[in-house]
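Coordinate inspection notes
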Amino acid sequence: YGGATADKLFETIATIRTIGLVIIIGLLLVAVFLISNTIRITIFSRSTEIEIMRLVGAKNSFIRWPFLIEGAIIGLIGALIPMTFLVFLYRFIFNVSGDYLAGTNFGLLTPNPLLLYISLLMVGIGIFIGAFGSVFSMRRFLVGADEPADPPPQAFEEDSNLELFSGDGSLPEARLFITKEWVW
């Protein structure tokens, strides 16, 4: 007896699970988009520093790490806020629902192990989504092999017109010279 009610309950739970999964996937895509745009704006604002690092021979991996860490931190902060809300809300619902569910066969899981596992999962997913969004936004700006963008020039070539000392023994003086690509 009660088979029809149980079937209806299982169908409702399956529908709620499917809708929840679609919402979660949508929110993950929105998070990747927002973090990617945040890192992209950061890259644009630091384009001069990135270009200087490239000119002095920094590898792309050296340039990428600060942005990757920044994306992971953004993801961590983005996970901590809803995690805190979830912990307080679940504990409140658990304490309030104890009286209502006492006479039924239903009950909520105890908060201690459940909230710990969900919190760790949320933090891990937040860090991963932040790092992934960072990599996704850097892909366009820092492409190519992990080698210096251009080899640094030799500053003291024999035929250069860079003079480090004046002829009369006074303080050192350096004159700038312009080559095809570099200003020194």
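Residues numbered from 1 in each chain as written. Predicted model: local features only at pLDDT ≥ 70, side-chain atom pairs only at ≥ 80, totals over all residues. Heavy atoms only, no water.

Right, let's get into the pattern of salt bridges. Per the stated rule, a full pass over the model turns up one salt bridge. The shortest N-O distance in the salt bridge between Arg46 and Glu70 comes to 3.6 Å. Taken together, the residues Arg46 in the loop between helix 1 (3–45) and helix 2 (47–55) and Glu70 in helix 3 (residues 60–100) connect sequence positions 24 residues apart. A residue is classified by how much of its surface remains accessible, and Arg46, at 35% relative accessible area, is partly exposed. (Salt bridge = Lys/Arg side-chain N within 4 Å of Asp/Glu carboxyl O. Helix = DSSP H or I, 4+ residues; strand = E, 2+ residues; numbered from the N terminus. Buried < 20%, exposed > 50% of the residue type's maximum accessible area, 1.4 Å probe, protein only.)

Attention shifts here to the packing of helix 1 against helix 2. The contact between helix 1 and helix 2 brings their axes to 4 Å, and the two run at 65°. When the axes of helix 1 and helix 2 are compared, the pair comes out roughly perpendicular. Contacts from Ile43, Phe44 and Ser45 in helix 1 reach Ser47, Glu49 and Ile50 in helix 2. A class-by-class count of the residues in the contact of helix 1 with helix 2 yields three nonpolar, two polar and one charged. (Axes fitted to C-alpha atoms, helices over the stretch in contact; angles between N-to-C directions. Parallel < 35°, antiparallel > 145°, perpendicular 65-115°, else oblique. Contact = heavy atoms within 4.5 Å. Nonpolar A, V, L, I, M, F, W, Y, C, P; charged D, E, K, R; others polar.)

Throughout the structure, instances matching the rule amount to three aromatic pairs. Where Tyr90 meets Phe94, the ring centres are 6.5 Å apart and the plane angle is 20°; that geometry is what we call stacked. Of the two residues, Tyr90 and Phe94 are both situated in helix 3; the distance of four residues between them amounts to about one turn of the helix. On the basis of relative accessibility, which here comes to 25%, the residue Phe94 falls in the partly exposed class. The interplanar angle of 20° and the centroid separation of 6.4 Å between the aromatic rings of Phe132 and Phe136 together place this pair among those described as stacked. On the criterion of helical spacing, the pair formed by Phe132 and Phe136 is a turn pair, its members being four residues apart in helix 4 (residues 111–141). Owing to a relative accessible area of 42%, Phe132 belongs among the partly exposed residues under this scheme. Under the relative-accessibility criterion, Phe136 is labelled partly exposed at 37%. (Phe/Tyr/Trp six-rings, centres within 6.5 Å; stacked < 30°, edge-to-face > 60°.)

For the rest of this paragraph, the subject is helix 3. Along its 41 residues, helix 3 runs 59 Å from first to last C-alpha, staying within 8% of the 60 Å computed at 1.5 Å per residue. Taken together, the buried positions of helix 3 are Asn60, Ile63, Phe67, Leu68, Gly71, Ala72, Gly75, Ala79, Met83, Val87, Tyr90 and Ser97. (Expected span 1.5 Å × (residues − 1).)

This part covers the packing of helix 2 against helix 3. It is the contact of helix 2 with helix 3, at a shortest axis distance of 10 Å, that shows an interaxial angle of 150°. Between helix 2 and helix 3, the angle falls in the class roughly antiparallel. For the pair helix 2 and helix 3, the crossing hand works out as right-handed. For the pair helix 2 and helix 3, contact is made by Ile50, Met53 and Arg54 and by Asn60, Phe62, Ile63 and Phe67, respectively. (Left-handed = near helix turned anticlockwise from the far one by under 90°.)

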